[in-house]
Amino acid sequence: MEGGGGTPPGMLKEESQSAHVLPSRLEANGLKKSSWGFLITGIVGGTLVAMYAVATPFITPALRKICLPFVPATAKQIKNVMKMLQSRRGPLVDIGSGDGRIVIAAAKEGFTAVGYELNPWLVWYSRYRAWREGVQDLAKFYISDLWKVTFSQYSNVVIFGVPQMMPQLEKKLELELEGDARVIACRFPFPHWTPDQVTGEGLDTVWAYDVRTLRGQAKRP
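As the structure is a prediction and not an experimental result, all values here were calculated from the model.

**Student:** How do you make sense of the nonpolar core when you look at a structure like this?
**Tutor:** Inside soluble globular proteins, nonpolar side chains tend to come together where they are buried. Of all hydrophobic cores here, the largest spans 26 residues; its most connected members are Val 81, Val 158 and Ile 184. Going through the elements one at a time, α2 (75-84), α3 (101-108), α4 (120-133), β3 (139-143), β4 (156-160), β5 (182-186) and β7 (206-210) are the ones with two or more residues in this core. A total of six residues in this core trace back to one element, the largest contributor, which is α3. Setting aside residues up to four positions removed in sequence, Val 158 forms contacts with Val 81, Leu 92, Val 93, Asp 94, Ile 95, Ile 102, Ile 184 and Cys 186.

Spelled out as structure tokens, the structure:
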């Protein structure tokens, strides 16, 4: 009997089954890889969004022409500021209040104190700290640009400034503040004002300026 060279029926059946199993496994593996790809993409995307949300409030002020960076006040600086506020009364404002240390310290001394800060994360954290310290009724914090705030209602003004902003702020405060107001500058003095009191050394130095004295100086020939 001559051989026809064909494939036995049993082998055809086995090959057919193998052909069906292989694509099924490939499809399953492809679906798993696709699912992992979506998951990883979602995690990376969510992380980037979270980083952007956290970093933006800190980066945005640095893009301004005059930047007031956040540098926490030291215990010595706070002590020196409180020393300059002895025997003082009236509402207090901290311009660029950061994490609220000065405002909270003043509130503990009985001042009605307000902090203006451009970074919302620092404002929310300051509010939490004030609540934790039990002075939330006296210490208030607001998200605001200092150049858009009028300070005429404050008797005591505290500023941790930088040299680039001090001349412009000097003019703004001299125009807006009442005669009985006191301005306390930390780290850097005002360029054209003569301080009434100075305490501390180095970066802990604090300068106190009484507006009435400043206006008297300006009237001199």
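Let us keep going from here.
**Student:** Would you explain a nonpolar patch on the surface in this entry?
**Tutor:** Together, Trp 121, Trp 124 and Ile 143 make up an exposed nonpolar region whose accessible area comes to about 320 Å². Relative to the helices and strands, Ile 143 is located in strand β3.

**Student:** Would you take a moment to explain the environment of Leu 146 for this structure?
**Tutor:** As for its position among the elements, Leu 146 is in the loop between β3 and β4. Along the primary structure Leu 146 and Glu 117 are separated by 29 residues, whereas in three dimensions their C-alpha atoms are 7.6 Å apart.

**Student:** For this particular structure, what's the right way to read the pattern of salt bridges?
**Tutor:** Pairing is possible between side chains of opposite charge, provided their charged atoms come close. The full count for this structure, using the stated rule, is five salt bridges. For the salt bridge of Asp 99 with Arg 129, the shortest nitrogen-to-oxygen distance reads 3.6 Å. In this pair, Asp 99 is assigned in the loop between β1 (92-95) and α3 and Arg 129 in helix α4, connecting sequence segments 30 residues apart. Arg 129 carries the same exposure label as Asp 99, and that label is buried. Where Lys 172 meets Glu 176, a salt bridge forms, and the shortest distance between an N and an O atom there is 2.8 Å. With Lys 172 and Glu 176 both in helix α5 (residues 166-176), this residue pair falls four residues apart, about one helical turn. The pair Lys 172 / Glu 176 is uniform in exposure class, with both members buried. One network of salt bridges, in which partners are shared, links Asp 99, Arg 101 and Arg 129.

Rules and cut-offs
Residues numbered from 1 in each chain as written. Predicted model: local features only at pLDDT ≥ 70, side-chain atom pairs only at ≥ 80, totals over all residues. Heavy atoms only, no water. Core = buried A, V, L, I, M, F, W, Y, C linked by side-chain atoms within 4.5 Å. Buried < 20%, exposed > 50% of the residue type's maximum accessible area, 1.4 Å probe, protein only. Helix = DSSP H or I, 4+ residues; strand = E, 2+ residues; numbered from the N terminus. Contact = heavy atoms within 4.5 Å. Patch = residues over 30% accessible without salt bridge, like charges linked within 9 Å, V, L, I, M, F, W, Y side chains within 5 Å. Areas by Shrake-Rupley, 256 points an atom, 1.4 Å probe, with all protein chains shown as cover. Salt bridge = Lys/Arg side-chain N within 4 Å of Asp/Glu carboxyl O.

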